[in-house]
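# Analysis of the macromolecular model
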Amino acid sequence: MSEAAQPGERPVRSPCVSVCALDEQDICIGCQRTAAEISRWGRMDNAERRQVLAACEARARAMGSLL
């Protein structure tokens, strides 16, 4: 059973901050997701979404843009 199907658990929210522009590496400057991650988000279960959020945080740290 996927994590998204567990009763009582809400879907992990999108990190979108409505600053939607991809850089030269196809990474959104607003949320740090790749174009592929953005387009697949609606079909991901919560476990996969959490993995993407961890990757977004790592990208933001590497770029020095994490507050």
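The following paragraphs examine the structure supplied in this document. None of these values were measured; they are calculated from a predicted model.

What counts and how
- Residues numbered from 1 in each chain as written.
- Predicted model: local features only at pLDDT ≥ 70, side-chain atom pairs only at ≥ 80, totals over all residues.
- Heavy atoms only, no water.
- Helix = DSSP H or I, 4+ residues; strand = E, 2+ residues; numbered from the N terminus.
- Buried < 20%, exposed > 50% of the residue type's maximum accessible area, 1.4 Å probe, protein only.
- Lys, Arg positive; Asp, Glu negative; His and termini not counted.
- Salt bridge = Lys/Arg side-chain N within 4 Å of Asp/Glu carboxyl O.
- Contact = heavy atoms within 4.5 Å.
- Core = buried A, V, L, I, M, F, W, Y, C linked by side-chain atoms within 4.5 Å.

Along the polypeptide, Arg49 turns up in helix α2 (residues 46-63). Despite its burial, Arg49 pairs with no opposite charge, the nearest such side chain being Asp45 at 7.2 Å. The residues touching Arg49, leaving out its near neighbours within four places in the chain, are Pro11, Val12, Trp41, Gly42 and Met44.

Let's shift gears to the nonpolar core. One finds Val12, Trp41, Met44, Val52 and Cys56 forming the largest nonpolar core, which totals five residues. Once residues lying within four places of it in the same chain are set aside, the contact partners of Val12 are Trp41, Asn46, Arg49, Arg50 and Leu53.

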